[in-house]
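# Report on the structure
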Amino acid sequence: QVRTDYWTMVRKIAGGVVVLPTADECYLTIVATLLTLVFYYIFFGKKHSNKRKTLAEDLRLAKLKVSYLQEKLLVATSGEGKEIKSEDSREIRIFMDGAFDMMHYGHMNAFRLARSLGTHLVVGINSDVSITQCKGAPLMNDQERLTMVEGCKFVDEVLPGCPYVLNKDYLDYVIKKHRIDYVIHGDDPCIVDGKDVYAAAKEAGMFRSIPRTEGVSTTDIVGRMLMMTKEHHMNSMNDDVGKSFNEDESDGSNKNDYVILGSQSKFLTTSRMLRLFSAGHTAPTKDMKVIYMDGAWDMFHCGHVAVLKEAKKRGDYLIVGIHGDTLVNQKCGCNMPLMNLHERVLSVLGCKYVDDVLIDAPFAITPEMIDSLHITEVVHGSSSFEHGNFKNDPEFLSGGRYEYPRKMGMMKVFPSPSKFTAKNIFDRIHTNQAVYQAKFERKAKLEQEFYDEKYSRDKQAQ
């Protein structure tokens with residue numbers, strides 16, 4: 001009825017004749033509409049697109065600023081040190097150099113402390129040649145150490161190929177080219193051939209020291225690998241292995257054949273340290289694609305950094321699951337993990353590609369876990385051992401561990417970007433075991449002397 005009334009009205013208006021648009025008129029209308037849309041896109045679309053990009057960049061910078069201020073607040077309340085302030089409120093550029101061989105969370109904490117003294121941290125990486133000349137060949141090569149330092153979230157800029165000894169000419173070059181205000185190093189002495197490596201920086205009045213992260217060092221980690229057993233894993237060994245180590249022969253010889261060589265980590269993990277490493281982490285928003293990747297992440301190395309970088313490319317927010325000591329020990333044997341859960345958590349938190357970590361992550365991924373963490377995709381590299389998968393789980397993609405995400409079409413495997421694994425480190429150490437054993441004993445003695453002297457001074461001061 002409504003349709004009939006409409007056409008009756010049209011006939012009255014048009015003198016009883018129904019007027020319909022011609023084909024040419026329809027064509028012209030369509031062309032005009034398209035031209036209008038094109039015109040709008042050319043003159044206004046790009047502006048809107050650029051505006052969106054500008055807003056996105058402003059949001060990114062704002063998040064970085066919030067992260068920076070959070071860290072400053074945490075450092076201020078922790079009493080770790082005072083920020084170096086500029087009279088004209090300009091940025092304070094900090095330079096820190098080192099070999100960073102077998103880089104660990106102690107190095108990351110040093111970067112964090114150094115950056116907290118200013119606003120921009122430039123890290124120089126000593127070259128293989130200069131390290132070899134001054135203290136012997138490093139365990140990791142230039143590129144491997146560069147990958148580790150670049151992957152740390154506390155580092156703003158990297159300067160490869162630095163000499164081990166900062167002579168005046170090189171220091172002047174760095175200051176001028178990178179606009180450096182202060183040179184930072186730990187409070188432990190750095191002497192080569194009887195000379196202070198940072199003498200030039202001290203003479204220029206640009207040197208500042210930060211407290212060394214106690215309880216962890218490259219020497220300690222290399223020592224663990226040389227010894228290959230940790231005391232705190234002895235109680236969690238499987239029955240067969242445990243019996244082979246602990247059964248006494250009738251003559252009592254087996255009792256003394258096996259000696260515990262490993263030593264428990266001396267690093268004291270506090271909630272404050274975890275907060276400092278977690279500064280800037282925020283929850284994912286509803287529109288984000290959340291990626292989940294799990295593993296042991298033992299002896300955090302350049303292969304780990306490479307695979308995490310690749311995983312982050314697949315989404316907006318990367319959660320990394322870190323399995324507990326007991327689980328890793330059960331799956332990998334009595335010697336593993338070489339680093340305890342807290343040490344591995346700090347190592348992963350220090351990686352700039354990681355948005356959050358799941359501590360003591362479950363072995364099997366469940367529907368409840370997917371829902372609770374809002375996981376969109378579960379990923380894994382094509383190499384089963386690249387981030388600490390378990391030798392006793394050869395069918396790691398077809399077993400119960402990833403059964404649910406695989407069933408839901410959420411499981412993705414991407415080509416491993418690096419062939420580097422913890423085995424490479426073990427092989428290098430054991431190939432030159434005598435050399436590293438001698439170096440370990442020498443450096444361990446020097447470290448102990450440093451701490452003995454430091455704490456004797458502290459007692460005298462009290």
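All residue numbers refer to positions counted from 1 along the written sequence of the respective chain. In keeping with the predicted nature of the model, local features appear solely for residues at pLDDT of at least 70, side-chain atom pairs appear and are counted solely at 80 or more, and the whole-chain, interface and lining totals rest on all residues. As a convention, hydrogens and water are excluded, and side-chain values are obtained from all of the structure's heavy atoms.

We now examine unusual backbone geometry. With phi around 55°, arginine 179 is a residue other than glycine that occupies positive phi space. For the purposes of this entry, the term helix denotes a DSSP run of H or I that reaches at least four residues, the term strand denotes a run of E that reaches at least two, and both are numbered from the N terminus. Along the chain, arginine 179 turns up in the loop between helix 6 (168–178) and strand 4 (182–186). One non-glycine residue, methionine 299, lies in the positive phi region at around 50°. Counting through the fold element by element, methionine 299 comes out in the loop between strand 8 (290–295) and helix 12 (302–312). Under the relative-accessibility criterion, methionine 299 is labelled buried at 3%. Type-normalised accessible area, obtained with a 1.4 Å probe on protein chains alone, sets the label of each residue: buried when under 20%, exposed when over 50%, and partly exposed for intermediate values.

Counted residue by residue, strand 8 has six buried out of six residues, so it is predominantly covered. Here strand 8 shows two buried faces, one formed by Val290, Tyr292 and Asp294 and the other by Ile291, Met293 and Gly295. Across six bridges, the pairing between strand 8 and strand 9 (residues 317–322) is parallel. Considered in strand 9, the bridge of glycine 295 is made with isoleucine 322. Only when DSSP finds a minimum of two bridges between them are two strands counted as paired.

It is worth spelling out helix 5 (residues 142–150) at this point. Taken together, the buried positions of helix 5 are Glu144, Arg145, Leu146, Met148 and Val149. Buried residues belonging to helix 5 abut helix 3 (105–116), strand 2 (120–126), helix 4 (128–135), strand 3 (157–162), helix 12 and helix 17 (422–431). Any pair of nitrogen or oxygen atoms within 3.5 Å is treated as a polar contact; in protein, a donor-acceptor pairing is required on top of that, and neighbouring residues in sequence qualify only through side-chain atoms on both sides. Between a side-chain oxygen at the N-terminus of helix 5 and the backbone nitrogen of glutamine 143 the separation is 3.1 Å; the capping residue is asparagine 141. In this description, contact between two residues means that some pair of their heavy atoms is separated by no more than 4.5 Å.

The next subject is helix 3. Each helix should span, by expectation, one fewer than its residue count multiplied by 1.5 Å. In a regular helix each residue adds 1.5 Å, so 12 residues correspond to 16 Å; helix 3 covers 16 Å between its end C-alpha atoms and thus fits that length. Counting buried positions along helix 3 yields 12 of 12 residues, so the element is predominantly enclosed. Those residues of helix 3 not exposed but buried are Tyr105, Gly106, His107, Met108, Asn109, Ala110, Phe111, Arg112, Leu113, Ala114, Arg115 and Ser116.

On to the nonpolar core. Counting 72 residues, the largest nonpolar core has Phe111, Met225, Met293, Trp297, Phe300, Leu308 and Ile425 as its most contacted members. Excluding anything up to four places from it in sequence, isoleucine 425 contacts Met102, Leu139, Met140, Met225, Met299, His301 and Phe420. Core analysis: the second largest hydrophobic core is formed by 20 residues, Phe95, Ala99, Val122 and Cys162 among them. Throughout this description, the term nonpolar core refers to a set of buried Ala, Val, Leu, Ile, Met, Phe, Trp, Tyr and Cys residues connected via side-chain atoms within 4.5 Å.

Where helix 3 meets helix 11 (residues 271–278), the closest approach of the two axes is 11 Å, and the angle between their N-to-C directions is 70°. Judged by the angle between their axes, helix 3 and helix 11 are roughly perpendicular. Pair helix 3 / helix 11 crosses with left-handed handedness. Mapping the contact onto sequence places Tyr105, Met108, Asn109 and Arg112 in helix 3 and Met273, Leu276 and Phe277 in helix 11. Here the contact of helix 3 with helix 11 is composed, by residue class, of five nonpolar, one polar and one charged. Simply put, an axis is a line fit to the C-alpha atoms, just over the touching stretch for a helix, and the angle between two N-to-C directions goes from 0 to 180 degrees. If an angle is under 35 degrees, it is roughly parallel; if it is over 145, roughly antiparallel; if it lies from 65 to 115, roughly perpendicular; otherwise it is oblique. In a left-handed crossing the near helix is turned counterclockwise from the far helix by less than a right angle, and in a right-handed crossing that turn is clockwise. Under the grouping applied here, Gly and all other residues not named as nonpolar or charged are polar, the nonpolar ones being Ala, Val, Leu, Ile, Met, Phe, Trp, Tyr, Cys and Pro and the charged ones Asp, Glu, Lys and Arg.

Moving on: the confidence of the model for the protein chain. Averaged over every residue, the pLDDT of the protein chain is 79; residues scoring 70 or more account for 74%. Counting interchain partners and residues more than four positions distant, the pLDDT-below-50 stretch residues 229–263 has 47 contacts. pLDDT expresses, on a scale from 0 to 100, how confident the predictor is about each individual residue.

On the surface, Val38, Phe39, Tyr40, Tyr41, Ile42, Phe43 and Phe44 cluster together to form a nonpolar patch covering roughly 740 Å² of accessible area. Secondary-structure assignment places phenylalanine 44 in helix 2 (residues 23–78). Each patch is built from residues lacking any salt bridge and having more than 30% relative accessible area; the joining distance is 9 Å for like charges and 5 Å for nonpolar side chains (Val, Leu, Ile, Met, Phe, Trp, Tyr). For accessible areas, the Shrake-Rupley method is used with a probe of radius 1.4 Å. Any residue's cover is judged against the shown protein chains and nothing else. Definition used for salt bridges: Asp or Glu carboxyl oxygen within 4 Å of a side-chain nitrogen of Lys or Arg.

This next bit is on the sheet that holds strand 10 (residues 356–359). The parallel open sheet is built from five strands, whose spatial order is 10-9-8-11-12. Here the strands that pair on one side only, and so sit at the sheet edges, are strand 10 and strand 12 (411–414). Taken pair by pair, the neighbouring strands of this sheet meet at an average axis angle of 30°, ignoring direction. Where helix 12 meets the sheet, its contacts fall on strand 8, strand 9, strand 11 (377–381) and strand 12, and the angle it forms with strand 9 comes to roughly 140°.

Here we take up the packing of aromatic side chains. Aromatic pairs are defined between Phe, Tyr and Trp rings, using the six-membered ring for Trp, whenever the two ring centres lie within 6.5 Å; interplanar angles under 30 degrees are classed as stacked, those over 60 as edge-to-face, and all others as tilted. The final tally for this structure, using the stated rule, is four aromatic pairs. Here the aromatic rings of tyrosine 170 and tyrosine 173 are separated by 5.7 Å at their centres, their planes lie at 45°, and the arrangement is tilted. Taken together, the positions of tyrosine 170 and tyrosine 173, both in helix 6 and three residues apart, correspond to about one turn of that helix. The buried category is assigned to tyrosine 170, whose relative accessible area is 15%. Taking 5.5 Å as the distance between ring centres and 40° as the angle between the ring planes, the aromatic pair formed by tyrosine 198 and phenylalanine 207 counts as tilted. By the criterion adopted, a ring carries a charge over it if an Arg CZ or a Lys NZ lies within 6 Å of its centre and within 35 degrees of its normal. We note lysine 202 situated over the ring of phenylalanine 207; from NZ or CZ to the ring centre the distance is 5.0 Å. Its end group placed over the ring of phenylalanine 363, lysine 331 keeps NZ or CZ at 4.5 Å from the ring centre.

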